[in-house]
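Structural features, examined
As a plain string of letters, each chain reads:
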Amino acid sequence: MQNAKKRICGRCGSSNLISDRSLGGKIVCVKCGSSFIKTKGLINSSNRNFYYLLLILFIIFFVILF
Ligand SMILES: [Zn+2]
């Protein structure tokens, strides 16, 4: 197991990646076959933004209700 910067698929977000030998060792997604790979660090920051947005929406919803 390699713990150095986990990579995930940039299209579907799956962490099921394989290095395809026919493509010269290029990493592709098992799920959708995309070769657009992101590092997990990038996803984490966008996930944080997403939760922040969700929190704002929740607060707005809460304000409307009361
Ligand atoms: Zn994928």
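Small disclaimer: the values here were computed from a predicted structure and weren't measured. Every chain is numbered on its own, with residues counted from 1 as its sequence reads. Side-chain atom pairs in this predicted model are given and counted only at pLDDT of 80 or more, local residue features only at pLDDT of at least 70, and totals for whole chains, interfaces and linings cover all residues.

With that out of the way, let us pick up the overall build of the protein. For the purposes of this entry, the term helix denotes a DSSP run of H or I that reaches at least four residues, the term strand denotes a run of E that reaches at least two, and both are numbered from the N terminus. What the protein contains, in helices and strands, is one helix and four strands. Going residue by residue from the N terminus, the α and β elements of the protein occur as β-β-β-β-α. Residue burial here comes from a neighbour count, namely the number of other C-beta atoms, placed from the backbone, that lie within 10 Å of the residue's own C-beta, with 20 or more meaning buried, 12 or fewer meaning exposed, and in between meaning partly exposed. Put simply, the protein has 66 residues, and 3% of those count as buried. Distance between backbone-placed C-beta atoms decides contact: two residues are in contact if it is within 7 Å. Of the contacts made within the protein by residues no fewer than 6 positions apart, 32% connect residues no fewer than 24 positions apart.

The pairing criterion is simple: DSSP has to find at least two bridges between the two strands. Relative to strand S3 (residues 26–29), strand S2 (residues 17–20) is paired through four bridges, and the arrangement is antiparallel. Residue pairing in the sheet places Asp20 in a bridge with Lys26 of S3. Hairpin remark: S2 followed by S3, antiparallel, with five residues in the connecting loop; positive phi at Gly24, about 75°.

The next subject is the confidence of the model for the protein. Should the pLDDT be low somewhere, the predicted coordinates at that spot are not to be read in detail. pLDDT is a per-residue confidence score from the predictor, ranging from 0 to 100. Summing up the model confidence of the protein, the mean pLDDT is 83 and the portion of residues at 70 or higher is 83%. For the protein, helix H1 (residues 40–65) is the element with the lowest average pLDDT, namely 82, and S3 is the one with the highest, namely 90.

Moving on to the environment of Phe36. With respect to the secondary-structure elements, Phe36 resides in the loop between S3 and strand S4 (37–39). When the 12 C-beta atoms within 10 Å are taken as the criterion, Phe36 is described as exposed. Expressed as a C-alpha distance, the spacing of Phe36 and Ile8, which sit 28 residues apart in the sequence, is 8.9 Å. Not counting residues within four places of it along the chain, the set of residues in contact with Phe36 comprises Gly10 and Arg11.

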